[in-house]
Amino acid sequence: MQISSLRLTLASVLVVAGLAAARVDLSAHHSFAVFDMGSEKTVTGTVSKFEWTNPHTFIFVDATNDKGVMETWAIEGMSPNYLGRRGWSKTSVKPGDRITVTVRPLKDGKAGGMFVRALLDGKTMLQTGQPTE
Amino acid sequence: MSSARKIRSAAVAVLLTTIGAGTLAVAQQPARTAPTAADWAALAKLPDFTGVWEIGFGGPAGRGAGGGRGARAGGPPAGPQLTPAYAEKRRARLANPPEDSPAANCLPSGMPGIMGQPYPMEFLLTPGLVTIVIEAYSQVRHIYTDGRPLPADPDPKFHGTSVGRWDADTLVAETVGFSPQTDLGQATPHSDKMKILERFKLADPDTMTIETTITDPEALTAPFTSTRTLKRHRTWTIAEYICEENNRNFVDQNGKAGINIKKD
(Lines give C-alpha, C1' and ligand atoms only; values in the text may rest on other atoms or scores of the structure.)
Protein backbone atom coordinates (compact mmCIF):
# COMPACT_ATOMS: atom_id res chain seq x y z
CA MET A 1 0.00 0.00 0.00
CA GLN A 2 2.75 2.49 -0.95
CA ILE A 3 1.31 5.73 -2.17
CA SER A 4 2.65 9.03 -3.40
CA SER A 5 2.47 12.10 -1.19
CA LEU A 6 -0.27 13.58 -3.40
CA ARG A 7 -2.46 10.49 -3.05
CA LEU A 8 -1.57 10.40 0.62
CA THR A 9 -2.94 13.91 1.06
CA LEU A 10 -6.12 13.06 -0.81
CA ALA A 11 -6.54 9.85 1.15
CA SER A 12 -6.10 11.76 4.40
CA VAL A 13 -8.79 14.22 3.38
CA LEU A 14 -11.14 11.37 2.48
CA VAL A 15 -10.50 9.59 5.73
CA VAL A 16 -11.04 12.74 7.77
CA ALA A 17 -14.28 13.42 5.88
CA GLY A 18 -15.33 9.80 6.34
CA LEU A 19 -14.62 9.87 10.05
CA ALA A 20 -16.55 13.10 10.49
CA ALA A 21 -19.58 11.60 8.76
CA ALA A 22 -19.22 8.30 10.59
CA ARG A 23 -18.46 9.65 14.03
CA VAL A 24 -21.70 8.50 15.60
CA ASP A 25 -21.40 5.05 14.08
CA LEU A 26 -17.77 4.51 14.92
CA SER A 27 -18.54 5.19 18.55
CA ALA A 28 -20.95 2.25 18.45
CA HIS A 29 -19.01 0.03 20.83
CA HIS A 30 -17.79 2.68 23.23
CA SER A 31 -17.58 6.43 23.67
CA PHE A 32 -14.48 8.56 23.20
CA ALA A 33 -14.52 9.50 26.90
CA VAL A 34 -11.05 8.20 27.69
CA PHE A 35 -9.38 9.86 24.67
CA ASP A 36 -8.48 13.49 24.17
CA MET A 37 -10.23 13.94 20.84
CA GLY A 38 -8.98 17.50 20.53
CA SER A 39 -5.33 16.63 20.26
CA GLU A 40 -2.97 14.35 18.40
CA LYS A 41 0.31 12.82 19.50
CA THR A 42 2.85 11.06 17.33
CA VAL A 43 4.80 8.12 18.71
CA THR A 44 7.76 6.50 16.94
CA GLY A 45 9.01 3.11 18.03
CA THR A 46 9.01 -0.62 17.39
CA VAL A 47 5.92 -2.81 17.26
CA SER A 48 6.03 -5.44 20.00
CA LYS A 49 2.55 -6.95 19.50
CA PHE A 50 -0.47 -6.62 17.21
CA GLU A 51 -3.79 -7.88 18.59
CA TRP A 52 -6.09 -8.63 15.64
CA THR A 53 -9.13 -9.17 17.83
CA ASN A 54 -12.67 -7.96 18.42
CA PRO A 55 -14.01 -5.58 19.41
CA HIS A 56 -10.83 -3.60 18.74
CA THR A 57 -7.36 -4.12 17.38
CA PHE A 58 -4.42 -3.03 19.51
CA ILE A 59 -0.93 -2.14 18.35
CA PHE A 60 1.67 -2.19 21.12
CA VAL A 61 4.64 0.06 20.38
CA ASP A 62 7.84 0.24 22.42
CA ALA A 63 9.03 3.84 22.27
CA THR A 64 11.53 5.93 24.19
CA ASN A 65 9.91 8.94 25.84
CA ASP A 66 11.46 12.42 26.17
CA LYS A 67 13.09 11.38 29.46
CA GLY A 68 14.90 8.56 27.72
CA VAL A 69 12.70 5.90 29.31
CA MET A 70 11.21 3.05 27.24
CA GLU A 71 7.41 2.93 27.38
CA THR A 72 4.96 0.52 25.78
CA TRP A 73 2.14 2.35 24.01
CA ALA A 74 -1.24 0.61 23.60
CA ILE A 75 -2.99 1.94 20.52
CA GLU A 76 -6.61 1.04 19.93
CA GLY A 77 -7.90 0.71 16.37
CA MET A 78 -11.11 -0.40 14.74
CA SER A 79 -12.06 -4.08 14.75
CA PRO A 80 -10.54 -6.72 12.47
CA ASN A 81 -13.99 -7.04 10.86
CA TYR A 82 -14.06 -3.35 10.00
CA LEU A 83 -10.41 -3.01 9.00
CA GLY A 84 -10.33 -6.32 7.14
CA ARG A 85 -12.88 -4.92 4.68
CA ARG A 86 -10.71 -1.84 4.24
CA GLY A 87 -7.45 -3.41 3.17
CA TRP A 88 -5.93 -4.50 6.47
CA SER A 89 -4.98 -8.03 7.55
CA LYS A 90 -3.57 -9.70 10.64
CA THR A 91 -0.09 -9.13 9.18
CA SER A 92 -0.53 -5.44 8.31
CA VAL A 93 1.47 -4.71 11.44
CA LYS A 94 4.12 -7.14 12.69
CA PRO A 95 6.37 -7.32 15.74
CA GLY A 96 9.66 -5.68 14.86
CA ASP A 97 8.15 -3.15 12.43
CA ARG A 98 9.37 0.41 12.87
CA ILE A 99 6.26 2.55 13.17
CA THR A 100 5.36 6.20 13.48
CA VAL A 101 1.80 6.31 14.70
CA THR A 102 -0.47 9.27 15.31
CA VAL A 103 -3.04 8.86 18.07
CA ARG A 104 -5.70 10.67 20.05
CA PRO A 105 -3.90 10.31 23.39
CA LEU A 106 -5.42 9.04 26.61
CA LYS A 107 -6.67 11.89 28.78
CA ASP A 108 -4.97 10.44 31.85
CA GLY A 109 -1.53 10.84 30.27
CA LYS A 110 -0.77 7.12 30.24
CA ALA A 111 0.93 5.55 27.23
CA GLY A 112 -2.09 4.82 25.09
CA GLY A 113 -4.38 6.30 22.51
CA MET A 114 -6.79 5.83 19.67
CA PHE A 115 -5.29 5.09 16.25
CA VAL A 116 -5.49 7.88 13.68
CA ARG A 117 -2.86 6.89 11.09
CA ALA A 118 0.58 5.29 10.94
CA LEU A 119 3.65 5.13 8.75
CA LEU A 120 5.33 1.71 8.69
CA ASP A 121 9.07 1.43 8.02
CA GLY A 122 9.00 4.98 6.69
CA LYS A 123 7.03 4.10 3.57
CA THR A 124 3.68 2.35 4.03
CA MET A 125 0.75 4.47 5.19
CA LEU A 126 -1.92 2.76 7.28
CA GLN A 127 -5.29 4.41 7.70
CA THR A 128 -8.68 3.27 8.90
CA GLY A 129 -9.89 3.86 5.37
CA GLN A 130 -12.93 3.22 3.26
CA PRO A 131 -14.37 -0.10 2.08
CA THR A 132 -12.39 -1.75 -0.70
CA GLU A 133 -15.57 -3.01 -2.41
CA MET B 1 -59.82 -52.66 34.72
CA SER B 2 -56.29 -53.97 35.27
CA SER B 3 -54.25 -52.38 38.00
CA ALA B 4 -51.78 -51.03 35.46
CA ARG B 5 -54.61 -49.45 33.53
CA LYS B 6 -56.09 -48.05 36.80
CA ILE B 7 -52.75 -46.42 37.61
CA ARG B 8 -52.56 -45.01 34.13
CA SER B 9 -56.10 -43.62 34.40
CA ALA B 10 -55.33 -42.08 37.76
CA ALA B 11 -52.17 -40.52 36.37
CA VAL B 12 -54.10 -39.03 33.47
CA ALA B 13 -56.73 -37.71 35.89
CA VAL B 14 -54.05 -36.06 38.02
CA LEU B 15 -52.44 -34.60 34.92
CA LEU B 16 -55.76 -33.22 33.66
CA THR B 17 -56.49 -31.72 37.07
CA THR B 18 -53.08 -30.07 37.09
CA ILE B 19 -53.62 -28.64 33.63
CA GLY B 20 -57.10 -27.57 34.68
CA ALA B 21 -55.62 -25.64 37.61
CA GLY B 22 -53.84 -23.82 34.83
CA THR B 23 -51.77 -21.27 36.68
CA LEU B 24 -48.73 -22.18 34.58
CA ALA B 25 -50.47 -22.54 31.24
CA VAL B 26 -47.90 -22.27 28.45
CA ALA B 27 -48.72 -19.63 25.86
CA GLN B 28 -49.35 -21.19 22.49
CA GLN B 29 -46.79 -20.30 19.84
CA PRO B 30 -48.06 -20.55 16.27
CA ALA B 31 -47.03 -23.93 14.90
CA ARG B 32 -44.82 -23.89 11.83
CA THR B 33 -45.92 -26.22 9.08
CA ALA B 34 -43.41 -27.85 6.76
CA PRO B 35 -42.78 -25.57 3.78
CA THR B 36 -43.95 -26.94 0.46
CA ALA B 37 -42.13 -26.70 -2.88
CA ALA B 38 -44.58 -23.93 -3.75
CA ASP B 39 -43.61 -22.04 -0.57
CA TRP B 40 -39.95 -22.17 -1.57
CA ALA B 41 -40.77 -21.21 -5.17
CA ALA B 42 -42.78 -18.22 -3.95
CA LEU B 43 -39.64 -16.75 -2.40
CA ALA B 44 -38.19 -16.25 -5.89
CA LYS B 45 -40.96 -13.77 -6.63
CA LEU B 46 -39.94 -11.56 -3.69
CA PRO B 47 -37.35 -8.80 -4.07
CA ASP B 48 -33.84 -10.14 -3.63
CA PHE B 49 -32.85 -9.03 -0.15
CA THR B 50 -30.44 -11.93 0.28
CA GLY B 51 -26.79 -11.27 0.96
CA VAL B 52 -24.72 -8.85 2.98
CA TRP B 53 -25.55 -5.18 3.42
CA GLU B 54 -23.97 -2.28 5.27
CA ILE B 55 -24.98 1.28 6.02
CA GLY B 56 -23.10 3.65 3.74
CA PHE B 57 -21.12 6.32 5.52
CA GLY B 58 -22.00 9.87 4.60
CA GLY B 59 -25.45 8.77 3.46
CA PRO B 60 -28.74 10.43 4.23
CA ALA B 61 -29.56 11.61 7.72
CA GLY B 62 -31.31 9.29 10.06
CA ARG B 63 -28.70 7.36 11.97
CA GLY B 64 -29.69 6.88 15.56
CA ALA B 65 -31.83 9.46 17.25
CA GLY B 66 -29.91 12.43 15.97
CA GLY B 67 -30.96 12.38 12.36
CA GLY B 68 -34.16 11.91 10.53
CA ARG B 69 -36.61 13.80 8.45
CA GLY B 70 -36.93 17.43 9.24
CA ALA B 71 -33.29 17.79 10.19
CA ARG B 72 -32.86 20.44 7.47
CA ALA B 73 -32.77 24.10 8.42
CA GLY B 74 -36.28 25.47 8.56
CA GLY B 75 -37.84 22.07 9.17
CA PRO B 76 -39.07 20.77 12.50
CA PRO B 77 -36.38 19.92 15.05
CA ALA B 78 -34.43 16.73 14.46
CA GLY B 79 -34.78 13.77 16.76
CA PRO B 80 -37.72 12.27 18.61
CA GLN B 81 -40.03 14.82 20.24
CA LEU B 82 -40.60 13.79 23.83
CA THR B 83 -43.62 14.21 26.04
CA PRO B 84 -42.97 16.36 29.13
CA ALA B 85 -42.66 13.32 31.39
CA TYR B 86 -40.08 11.65 29.13
CA ALA B 87 -38.25 14.90 28.45
CA GLU B 88 -37.86 15.11 32.23
CA LYS B 89 -36.57 11.51 32.37
CA ARG B 90 -34.04 12.38 29.69
CA ARG B 91 -32.97 15.54 31.54
CA ALA B 92 -32.47 13.47 34.69
CA ARG B 93 -30.29 11.00 32.77
CA LEU B 94 -28.28 13.82 31.24
CA ALA B 95 -27.82 15.59 34.58
CA ASN B 96 -25.37 12.91 35.63
CA PRO B 97 -24.58 11.07 32.42
CA PRO B 98 -22.38 8.00 32.43
CA GLU B 99 -19.23 8.45 30.36
CA ASP B 100 -20.18 5.47 28.30
CA SER B 101 -23.03 3.09 27.55
CA PRO B 102 -23.17 -0.57 28.64
CA ALA B 103 -22.07 -1.44 25.08
CA ALA B 104 -18.55 -0.66 26.30
CA ASN B 105 -18.97 -3.79 28.45
CA CYS B 106 -20.21 -5.68 25.38
CA LEU B 107 -23.95 -5.42 26.10
CA PRO B 108 -25.63 -5.19 22.68
CA SER B 109 -27.74 -2.09 22.15
CA GLY B 110 -30.95 -3.83 21.07
CA MET B 111 -33.53 -2.07 18.92
CA PRO B 112 -33.41 0.35 17.31
CA GLY B 113 -29.68 1.01 17.75
CA ILE B 114 -28.56 -2.44 16.61
CA MET B 115 -29.75 -1.57 13.08
CA GLY B 116 -27.36 1.40 12.92
CA GLN B 117 -24.00 -0.23 13.56
CA PRO B 118 -20.90 0.25 11.39
CA TYR B 119 -21.02 -3.47 10.58
CA PRO B 120 -22.88 -5.43 7.92
CA MET B 121 -26.00 -7.52 8.25
CA GLU B 122 -27.24 -10.46 6.19
CA PHE B 123 -30.85 -11.05 5.17
CA LEU B 124 -32.13 -14.62 4.88
CA LEU B 125 -35.55 -15.29 3.35
CA THR B 126 -37.19 -18.62 4.11
CA PRO B 127 -40.90 -19.53 3.98
CA GLY B 128 -42.71 -17.51 6.61
CA LEU B 129 -39.62 -15.87 8.04
CA VAL B 130 -37.10 -13.13 7.36
CA THR B 131 -33.96 -13.54 9.43
CA ILE B 132 -31.48 -10.69 9.86
CA VAL B 133 -28.01 -11.79 10.94
CA ILE B 134 -26.32 -8.75 12.44
CA GLU B 135 -22.54 -8.91 12.64
CA ALA B 136 -22.17 -6.41 15.47
CA TYR B 137 -22.24 -8.36 18.75
CA SER B 138 -23.36 -11.46 16.74
CA GLN B 139 -27.06 -10.63 16.96
CA VAL B 140 -30.08 -12.10 15.16
CA ARG B 141 -33.56 -10.72 14.47
CA HIS B 142 -36.50 -12.86 13.39
CA ILE B 143 -39.35 -11.25 11.46
CA TYR B 144 -42.21 -13.75 11.10
CA THR B 145 -44.04 -13.39 7.80
CA ASP B 146 -46.33 -16.40 8.27
CA GLY B 147 -49.37 -14.33 9.13
CA ARG B 148 -49.17 -14.67 12.90
CA PRO B 149 -50.34 -11.66 14.91
CA LEU B 150 -48.17 -9.59 17.19
CA PRO B 151 -48.28 -10.91 20.75
CA ALA B 152 -50.82 -9.11 22.91
CA ASP B 153 -48.63 -9.11 26.00
CA PRO B 154 -45.03 -9.57 24.83
CA ASP B 155 -42.12 -10.17 27.14
CA PRO B 156 -39.67 -7.27 26.99
CA LYS B 157 -36.76 -8.14 24.69
CA PHE B 158 -33.73 -6.28 23.35
CA HIS B 159 -35.01 -6.75 19.80
CA GLY B 160 -38.70 -6.92 20.69
CA THR B 161 -40.96 -9.37 18.86
CA SER B 162 -41.44 -8.81 15.12
CA VAL B 163 -43.97 -9.81 12.50
CA GLY B 164 -43.89 -8.76 8.86
CA ARG B 165 -45.87 -8.76 5.66
CA TRP B 166 -45.08 -8.01 2.04
CA ASP B 167 -46.71 -4.85 0.70
CA ALA B 168 -45.86 -5.28 -2.99
CA ASP B 169 -42.05 -5.10 -3.00
CA THR B 170 -41.74 -3.69 0.50
CA LEU B 171 -41.27 -5.76 3.63
CA VAL B 172 -43.27 -4.07 6.37
CA ALA B 173 -42.21 -5.20 9.83
CA GLU B 174 -43.88 -4.30 13.10
CA THR B 175 -42.10 -4.81 16.36
CA VAL B 176 -43.33 -4.52 19.95
CA GLY B 177 -42.14 -5.40 23.45
CA PHE B 178 -38.77 -3.79 24.11
CA SER B 179 -36.49 -4.17 27.10
CA PRO B 180 -36.22 -1.06 29.28
CA GLN B 181 -32.45 -1.54 28.90
CA THR B 182 -32.74 -0.30 25.30
CA ASP B 183 -33.16 3.34 24.37
CA LEU B 184 -33.54 5.59 21.36
CA GLY B 185 -29.94 6.77 21.59
CA GLN B 186 -28.58 9.90 23.23
CA ALA B 187 -30.12 9.09 26.62
CA THR B 188 -33.64 9.07 25.16
CA PRO B 189 -35.86 6.56 26.95
CA HIS B 190 -38.97 4.81 25.63
CA SER B 191 -41.98 3.26 27.33
CA ASP B 192 -43.27 -0.31 27.13
CA LYS B 193 -45.83 1.00 24.61
CA MET B 194 -43.19 1.66 21.95
CA LYS B 195 -43.82 0.22 18.50
CA ILE B 196 -41.37 0.22 15.64
CA LEU B 197 -42.54 0.01 12.03
CA GLU B 198 -39.86 -0.70 9.44
CA ARG B 199 -40.28 -0.58 5.68
CA PHE B 200 -37.49 -2.42 3.85
CA LYS B 201 -37.23 -2.00 0.10
CA LEU B 202 -34.74 -1.97 -2.74
CA ALA B 203 -34.04 1.45 -4.24
CA ASP B 204 -31.92 -0.27 -6.89
CA PRO B 205 -30.49 -3.81 -7.11
CA ASP B 206 -27.68 -3.07 -4.63
CA THR B 207 -29.28 -0.37 -2.50
CA MET B 208 -31.78 -0.98 0.30
CA THR B 209 -33.61 1.66 2.26
CA ILE B 210 -35.06 1.02 5.70
CA GLU B 211 -37.59 3.60 6.77
CA THR B 212 -38.10 3.31 10.51
CA THR B 213 -41.03 4.89 12.31
CA ILE B 214 -41.12 4.84 16.08
CA THR B 215 -44.39 5.46 17.87
CA ASP B 216 -44.74 5.64 21.62
CA PRO B 217 -47.87 7.25 23.08
CA GLU B 218 -46.22 7.72 26.47
CA ALA B 219 -42.79 8.93 25.40
CA LEU B 220 -43.26 10.66 22.04
CA THR B 221 -45.59 13.47 21.01
CA ALA B 222 -45.46 12.34 17.38
CA PRO B 223 -44.14 9.39 15.38
CA PHE B 224 -40.43 9.69 14.66
CA THR B 225 -39.30 8.57 11.22
CA SER B 226 -35.77 8.15 9.94
CA THR B 227 -34.35 6.39 6.90
CA ARG B 228 -31.14 4.44 6.53
CA THR B 229 -29.53 3.47 3.23
CA LEU B 230 -27.61 0.22 2.95
CA LYS B 231 -25.33 -0.96 0.16
CA ARG B 232 -25.09 -4.60 -0.86
CA HIS B 233 -21.57 -6.02 -0.78
CA ARG B 234 -21.63 -9.07 -2.99
CA THR B 235 -18.14 -10.27 -2.08
CA TRP B 236 -18.56 -9.90 1.68
CA THR B 237 -19.48 -12.53 4.21
CA ILE B 238 -20.57 -11.99 7.79
CA ALA B 239 -17.57 -12.30 10.08
CA GLU B 240 -17.38 -13.53 13.64
CA TYR B 241 -17.74 -10.78 16.24
CA ILE B 242 -17.19 -11.98 19.78
CA CYS B 243 -17.16 -8.77 21.77
CA GLU B 244 -15.71 -10.50 24.83
CA GLU B 245 -12.75 -11.83 22.82
CA ASN B 246 -10.49 -8.96 23.85
CA ASN B 247 -12.59 -6.14 25.23
CA ARG B 248 -10.22 -3.68 26.88
CA ASN B 249 -12.88 -0.97 27.24
CA PHE B 250 -15.31 -0.74 30.12
CA VAL B 251 -17.71 1.46 32.01
CA ASP B 252 -17.98 0.91 35.75
CA GLN B 253 -20.94 1.05 38.15
CA ASN B 254 -20.44 4.79 38.61
CA GLY B 255 -20.51 5.44 34.88
CA LYS B 256 -16.77 6.02 34.65
CA ALA B 257 -15.24 4.87 31.36
CA GLY B 258 -11.89 3.13 31.30
CA ILE B 259 -9.46 1.19 29.15
CA ASN B 260 -7.04 -1.61 29.99
CA ILE B 261 -3.75 -0.85 28.22
CA LYS B 262 -1.69 -3.63 29.79
CA LYS B 263 0.05 -5.81 27.21
CA ASP B 264 -0.76 -9.43 28.05
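Residues numbered from 1 in each chain as written. Chains lettered and ligands numbered in written order. Predicted model: local features only at pLDDT ≥ 70, side-chain atom pairs only at ≥ 80, totals over all residues.

Residues and elements named next belong to chain A. As paired strands, strand 1 (residues 41-51) and strand 4 (residues 98-105) are joined by six bridges and run antiparallel to one another. Among the inter-strand pairings, threonine 46 is bridged to a residue of strand 4, identified as arginine 98. Here strand 1 pairs with strand 2 (residues 57-64) via five bridges, running antiparallel. Across the sheet, residue threonine 46 finds its bridge partner in strand 2, namely aspartate 62. The antiparallel hairpin formed by strand 1 and strand 2 contains five residues in its connecting segment. (Pairing = 2+ DSSP bridges. Helix = DSSP H or I, 4+ residues; strand = E, 2+ residues; numbered from the N terminus.)

Next up on the list: the pairing of strand 8 (residues 207-215) of chain B. Looking along a regular strand, one sees the side chains alternate between the two faces of the sheet. Residue and element names in this part refer to chain B. Only one face of strand 8 is covered, namely the one carrying Met208, Ile210, Thr212 and Ile214; the face carrying Thr207, Thr209, Glu211, Thr213 and Thr215 has none of its residues buried. Relative to strand 8, strand 7 (residues 195-204) is paired through nine bridges, and the arrangement is antiparallel. Bridge pairing links lysine 195 to threonine 215 in strand 8. The pairing of strand 8 with strand 9 (residues 224-232) spans eight bridges and is antiparallel. Among the inter-strand pairings, threonine 213 is bridged to a residue of strand 9, identified as threonine 225. (Buried ≥ 20, exposed ≤ 12 C-beta atoms within 10 Å, placed from the backbone.)

Moving on to the environment of Glu174(B). Residue and element names in this part refer to chain B. Here glutamate 174 is to be found in strand 6 (residues 170-176). The spacing of glutamate 174 and threonine 213 is 39 residues in sequence and 9.7 Å in space, taken between C-alpha atoms. Look past the residues within four positions of glutamate 174 in its chain and what remains in contact with it is Leu150, Ser162, Val163, Lys195 and Leu197. (Contact = placed C-beta atoms within 7 Å.)

Our focus in this paragraph is unusual backbone geometry. Looking along the chain, the bond that leaves Asn54(A) and enters Pro55(A) is cis, with omega of 0°. Residue Pro112(B) follows Met111(B) across a cis peptide bond; omega there is 0°. With respect to the secondary-structure elements, Pro112(B) resides in the loop between helix 3 (84-95) and strand 2 (121-126). The phi dihedral of Ser138(B) is positive, around 50°, even though this residue is not glycine. Mapped onto the secondary structure, Ser138(B) falls in the loop between strand 3 (129-134) and strand 4 (139-144). With a phi angle near 65°, Ala187(B) is a residue other than glycine that sits in the positive phi range.

Okay, the nonpolar core next. Membership of the largest hydrophobic core comes to 35 residues, with the highest contact counts inside it found for Trp53(B), Ala136(B) and Ile214(B). Taken together, the elements giving at least two residues each to this core come down to strand 1 (51-55), strand 2, strand 3, strand 4, strand 6, strand 7, strand 8 and strand 9 of chain B. Beyond its immediate chain neighbours, meaning those up to four positions away, Trp53(B) contacts Pro120(B), Met121(B), Phe123(B), Met208(B), Leu230(B), Lys231(B) and Arg232(B). Core analysis: the second largest hydrophobic core is formed by 28 residues, Met114(A), Ala103(B), Val251(B) and Ala257(B) among them. (Core = buried A, V, L, I, M, F, W, Y, C linked by C-beta atoms within 7 Å.)

Bringing the sheet that holds strand 7 of chain B into the picture now. The strand order around the closed barrel built from nine strands is 1-2-3-4-5-6-7-8-9 (chain B), with neighbouring strands paired in mixed fashion. Between one strand and the next, the sheet's axes are offset by a mean angle of 30°, whatever the strand orientation. (Axes fitted to C-alpha atoms, helices over the stretch in contact; angles between N-to-C directions.)

What follows covers the environment of Ile75(A). All names here are of chain A. Residue position: isoleucine 75 is located in strand 3 (residues 70-77). Here the alpha-carbon distance between isoleucine 75 and valine 103, two residues 28 residues apart in the chain, equals 7.3 Å. Ignoring any residue separated from it by four or fewer positions in sequence, one finds isoleucine 75 in contact with Phe58, Ile59, Val61, Val101, Val103, Gly112, Gly113 and Phe115.

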